[in-house]
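Commentary on secondary and tertiary structure
So you can see what is in the structure, the chains are spelled out below.
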Amino acid sequence: MSNQNQTEKRAIDLVNASLKKRYAKERRFRHVGQAAVIMGLLFVSFLFISIIGNGYTAFEHTFVRLNIEFSEQEIDPEGKRDPQALSTANYAGLVKAAMRAEFPDVKARKDKRALYKLISSGASLALREMVLANPEIIGTKKEVWLVADDDIDMLIKGHIDRNVPESDRRVSDKVIGWVEQFESKGAVEKQFNTTFFTNGDSREPELAGIGGAVMGSLYMLLVTLALSFPIGVAAAVYLEEFAPQNRWTDLIEVNINNLAAVPSIVFGLLGLAMFINFFGLPRSAPLVGGLVLTLMTLPTIIIASRAALKSVPPSIREAALGIGASKMQMVFNHVLPLAMPGMLTGTIIGMAQALGESAPLLMIGMVAFIVDIPGGPFDPATVLPVQVYLWADSPERAFVERTSAAIMVLLGFLFIMNFLAIILRRRFERRW
Amino acid sequence: MDTATAVDEMGGDMSQTVATEGAFDHEKASQAFVGKVGEIAVDNPRMTARKVNVYYGEKHAIQDVNLDIGKNEVISMIGPSGCGKSTFLRCLNRMNDTIDICRVAGEIKLDGQDVYDKKLDVVPLRAQVGMVFQKPNPFPKSIYDNIAYGPKIHGLVSNKADLDEVVESSLRRAGLWSEVKDYLDQPGTGLSGGQQQRLCIARTIAVSPEVILMDEPCSALDPIATAKIEELIDELRENYTIAIVTHSMQQAARVSQRTAYFHLGKLIEVGNTDDIFTNPSHKLTEDYITGRFG
Ligand SMILES: Nc1ncnc2c1ncn2[C@@H]1O[C@H](COP(=O)(O)OP(=O)(O)OP(=O)(O)O)[C@@H](O)[C@H]1O
Ligand SMILES: [Mg+2]
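Residues numbered from 1 in each chain as written. Chains lettered and ligands numbered in written order. Predicted model: local features only at pLDDT ≥ 70, side-chain atom pairs only at ≥ 80, totals over all residues. Heavy atoms only, no water.

1. Some remarks on the layout of surface pockets
Note the cut-off: Think of a 1 Å grid over the protein atoms and nothing else: a 1.4 Å probe that fits but is trapped marks a cavity, an open set flanked by protein within 12 Å on at least five of seven lines marks a pocket, and residues with an atom within 4 Å of a point count as lining. Grid points are joined across faces, edges and corners, and a volume is the space filled by probe spheres set on the points. Secondary structure elements are defined from DSSP: runs of H or I of at least 4 residues count as helices, runs of E of at least 2 residues count as strands, and each element is numbered from the N terminus. The residue classification treats Ala, Val, Leu, Ile, Met, Phe, Trp, Tyr, Cys and Pro as nonpolar and Asp, Glu, Lys and Arg as charged. All others, Gly included, are polar.
By volume, the largest pocket is sized at about 910 Å³. Glu241 and Lys327 of chain A together with Asp97, Thr98 and Asp100 of chain B are the residues nearest the centre of the largest pocket, which is lined by 32 residues in total. Secondary structure elements with two or more residues in the lining of the largest pocket: α10 (211–242), α11 (247–261), α13 (286–310), α14 (314–322) and α15 (327–355) of chain A together with α4 (122–128) of chain B. Grouping the constituent residues of the lining of the largest pocket by class yields 14 nonpolar, four polar and 14 charged. Estimates place the volume of the second largest pocket at around 640 Å³. Those elements that place two or more of their residues in the lining of the second largest pocket are α4 (91–102), α5 (109–116), α6 (123–133), α7 (150–157) and α8 (173–184) of chain A.

2. Here we look at the coordination of the magnesium ion (ligand 2)
Residue and element names in this part refer to chain B. Rule in force here: Note that water is not among the atoms used; donors are N, O and S atoms within 2.8 Å of the metal (3.2 Å for Na, K and Ca), so sites may look incomplete. Summary of the burial criterion: residues with accessible area below 20% of their type's maximum are buried, those above 50% are exposed, and those between are partly exposed, where the area comes from a 1.4 Å probe applied to protein chains only.
Only Ser86 (OG) and Gln134 (OE1) from the protein reach the magnesium ion (ligand 2) as donors, at distances of 1.8 to 2.2 Å. Taken as a pair, Ser86 in helix α3 (residues 85–92) and Gln134 in the loop between β6 (129–132) and α5 (143–154) lie far apart in primary sequence, 48 residues in all. Residue class for Gln134 comes out partly exposed when judged on its relative accessible area of 36%.

3. Some words on the pairing of strand β1 (residues 45–56) of chain B
Regular strands have side chains that alternate between both faces of the sheet. Residues and elements named next belong to chain B. Cut-off, in case you're wondering: Pairing between two strands requires that DSSP report at least two bridges joining them.
For β1 and strand β2 (residues 59–70), the ladder comprises eight bridges, and the chain directions are antiparallel. Pairing of Pro45 across the sheet is with Gly70, part of β2. What sits between the antiparallel neighbours β1 and β2 is a turn of two residues, in which Gly57 has the positive phi angle 65°. As judged from the eight bridges shared by β1 and strand β4 (residues 102–110), these two strands associate in the antiparallel manner. Among the inter-strand pairings, Asn53 is bridged to a residue of β4, identified as Ala105.

4. Here's the deal with the interface of chain B and chain A
Heads up, the rule is: Here, residues are in contact when the closest pair of their heavy atoms is within 4.5 Å. Simply put, the buried area is the total loss of 1.4 Å probe accessible area from both parts when two parts are fitted together. A pair is scored as a salt bridge if a Lys or Arg side-chain nitrogen falls within 4 Å of a carboxyl oxygen belonging to Asp or Glu.
The partner chain A presents 18 residues to the 22 residues of chain B that form the contact. Both sides together, the interface formed by chain B and chain A hides about 1,700 Å², and carbon and sulfur atoms give 63% of it. If you sort the residues of chain B by the area they bury against chain A, Phe139, Pro140 and Tyr149 of chain B come out on top, with a joint share of 31%. Seen at the junction of chain B and chain A, the total is one salt bridge. A salt bridge links Arg90 of chain B to Glu318 of chain A; the nearest nitrogen and oxygen atoms lie 2.8 Å apart. Broken down by secondary-structure element, the contributors of at least two residues to the side of chain B that touches chain A are α4, β6, α5 and α8 (193–205) of chain B. It is α5 of chain B that contributes the most residues to the side of chain B that touches chain A, four residues altogether.

5. Digging into the sheet that holds strand β5 (residues 113–114) of chain B
Strand order in this open sheet of four strands is β2-β1-β4-β5 (chain B), and the pairing throughout is antiparallel. What marks the edges here is a single partner per strand, and that holds for β2 and β5 of chain B.

6. Some thoughts on the environment of Gly79 of chain A
Positionally, Gly79 of chain A belongs in the loop between α2 (72–75) and α3 (83–88). Residues Gly79 of chain A and Leu272 of chain A lie 193 residues apart in sequence; the distance between their C-alpha atoms is 54 Å.

7. Concerning α3 of chain B
Residues and elements named next belong to chain B. In terms of residue burial, α3 counts as a mostly covered element, since eight of its eight residues are buried. Of the residues making up α3, those classed as buried are Lys85, Ser86, Thr87, Phe88, Leu89, Arg90, Cys91 and Leu92. Among the residues trailing α3, Arg94 stands out with phi positive, at a value near 60°.

8. Looking at the sheet that holds strand β1 (residues 60–69) of chain A
Whenever strands of a sheet pair, they do so through backbone hydrogen bonds, lying parallel or antiparallel. Residues and elements named next belong to chain A. Heads up, the rule is: To obtain an axis, a line is fitted to C-alpha atoms, over the contacting stretch when the element is a helix, and the angle between two such axes runs from 0 to 180 degrees between their N-to-C directions.
Read from one edge of the open sheet, three strands run β2-β1-β3, paired in antiparallel fashion. Looking along the sheet, the strands with just one partner apiece sit at the ends: β2 (141–147) and β3 (188–192). When strand polarity is set aside, the average angle formed by the axes of neighbouring strands in this sheet is 40°. Where β1 lies against β3, five bridges are found, and the strand directions are antiparallel. For Thr62, the partnering residue across the bridge sits in β3 and is Lys190. Against the sheet, α4 makes contact with β1 and β2, and its axis sits at roughly 85° relative to β1, the strand it touches most. Sitting on the sheet, α7 touches β1 and β3, and the angle it makes with β1 is about 120°.

9. Describing the side chain of Gln197 of chain B
Position of Gln197 of chain B relative to the elements: it lies in helix α8. Those residues in contact with Gln197 of chain B, other than ones at most four positions away along the chain, are Gln134, Pro136, Glu216, Pro217, Cys218, Ser219, Ala220 and Leu221 of chain B.

10. Describing the pattern of salt bridges
Taken as a whole and judged by the stated rule, the model has 31 salt bridges over all chains. A salt bridge links Glu240 of chain A to Arg306 of chain A, with the shortest nitrogen-to-oxygen separation between them at 2.8 Å. A residue pair is termed long-range when its members are at least 10 positions apart, and Glu240 of chain A in helix α10 and Arg306 of chain A in helix α13 qualify at 66 residues. The partner of Arg46 of chain B in a salt bridge is Asp111 of chain B, with the nearest N and O atoms 2.7 Å apart. Of this pair, Arg46 of chain B sits in strand β1 while Asp111 of chain B sits in the loop between β4 and β5, placing them 65 residues apart in sequence. Through salt bridges with shared partners, a single network forms among Asp153, Lys157, Glu401 and Arg402 of chain A.

Laid out in structure tokens, this is it:
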């Protein structure tokens, strides 16, 4: 075509000539896009692989089978089966007795103490629970799977190397010998770690769980949702639909946008000064956490809700007004239902933000070491990200995998919330 | 003979303009006719507009329009695209309030009551002066709910049976009933463009407004549906007042008693439809209706 005379060229020839260049451009752009996506995916998968690789073992824990004698003499010498007496009995003694019976030739005091340490201190609680649930077993002998100490767990999972010199190892050769004796009898087993999901925090890794943090997060999010959704939506509706356009509303708009960019720790300081020091609300409570995070998520929700309201086509408003609907009726019967999916999406994203937030909560004392699972928004509690922070700070090897496992649970919740947001958007997108 | 003088004046003015050779300067021509628009007043007016000026920000969209709309009358408004027909129509039930940058000056009265009175409640006004918009805008709800919404919020019906009846009769009169009677629970937005237009007409008449403003109600309709709507307009005229914007001369001629011709934001000529179409007194009107312009 190029040797053809310029004047004889038809438009279609010019189009064809330009096509090649256009397609090349398009291809280049596609490649750049694909490269960006692949890079992103690589980083994300690296993150996931490292977290999952570190954390998946935490979902299992080592249990040791012991032949426990529920001796009446030890548990209930008076034989009255008084629950009070039963619950205060020395169950740790039962475990010790069983261990002594298992290894009769361990005599030295020091060795005995080391031997008892094979089993977690939480084992006695499990025995107490068994007895309280069923007092009949007193006086019988029974094989029971008991939680092993975290060092034993690490040994079994291979995180403690048996081949390094004894001095470099947390577990002595003697202990390894006992464990191997158990292993040879098939009395060591990895089981699903329910403790991790049901327990609160603990100094003992094998007894530490995210139950408390999950409940804390839940109460906190409930408070946040209950406050920020209605307030955010009401504010957005007023600003978008009813407020006059003047300098004041402009000022408010600027401030809301500013608030969205304020570092979250500042909200924590504000919460500390206002809710705890001024109003005297309890420290470490999910209620206060929820209030602080409400302040933090409100701008997000208001901005998303206003955008959702703005995206409702004006023709729908005109249609409603045109047949004599009042402004109120127009907003609540037509505009709000159409904007709702957008508002909900914004709210869920705000909630996900709140769920992942830790800095402001440190300020209001939610970083305390709390063993009990909170029973309500007024009880002291911690939340998932703060729990991650606490565990990441602990030296024990067993807390490393628990940290990753807690992150996995947190990511799971975030994933569910964001997925919900996407479904909502899909479901209600473009209804006009 | 007015026309002749006007054209002469025009010729005189032309020399001073930068208009290209032989082009007809409509701006100058429309200025030349100010004050000679014909009979703006009627004996028994339903709505009266006096010295109405509308601005969209800086843009002066309507200039000094005076016009009466009589009882039991159909008045059609014609004119080239962008001349302000919709704008004028939307002033009559204050729909322009919804546009932030829009400012309306002048006086518009409905039965002697000033429509732009600060104390006037626009809700009953719009219930009384209904509107069919230029672009069909059904609610994203079911066909049934589209029609039922108006009667419901105004409390026009007391029970479901009455409501069903209103929905059916409105759809029938708009010529849509036979097409949708089995799909009343389907979304109104799923209808075709022309069906949506008729749905919007049905929705407007369902609240029985006394004045109906129709902005190109038949722009997307086939001749049969158009005939049906024109029939409806004829029927409604017995009790109501109708202002209709249309781009179809034939339609204006068929349905209206009076016709108003707008040009570049000005009312150029108004009069009996027959007179306007057979014997327009202005060059601009004549050019427009004979198809030489617009
Ligand atoms: N919302 C608005 N904002 C700004 N300017 C507007 C707006 N609506 C209309 N206008 C302007 O006002 C003038 C009149 O518009 P209008 O819609 O009344 O014309 P029209 O006669 O109805 O035209 P058409 O026959 O194409 O519907 C146009 O020049 C338009 O640009
Ligand atoms: Mg128009």
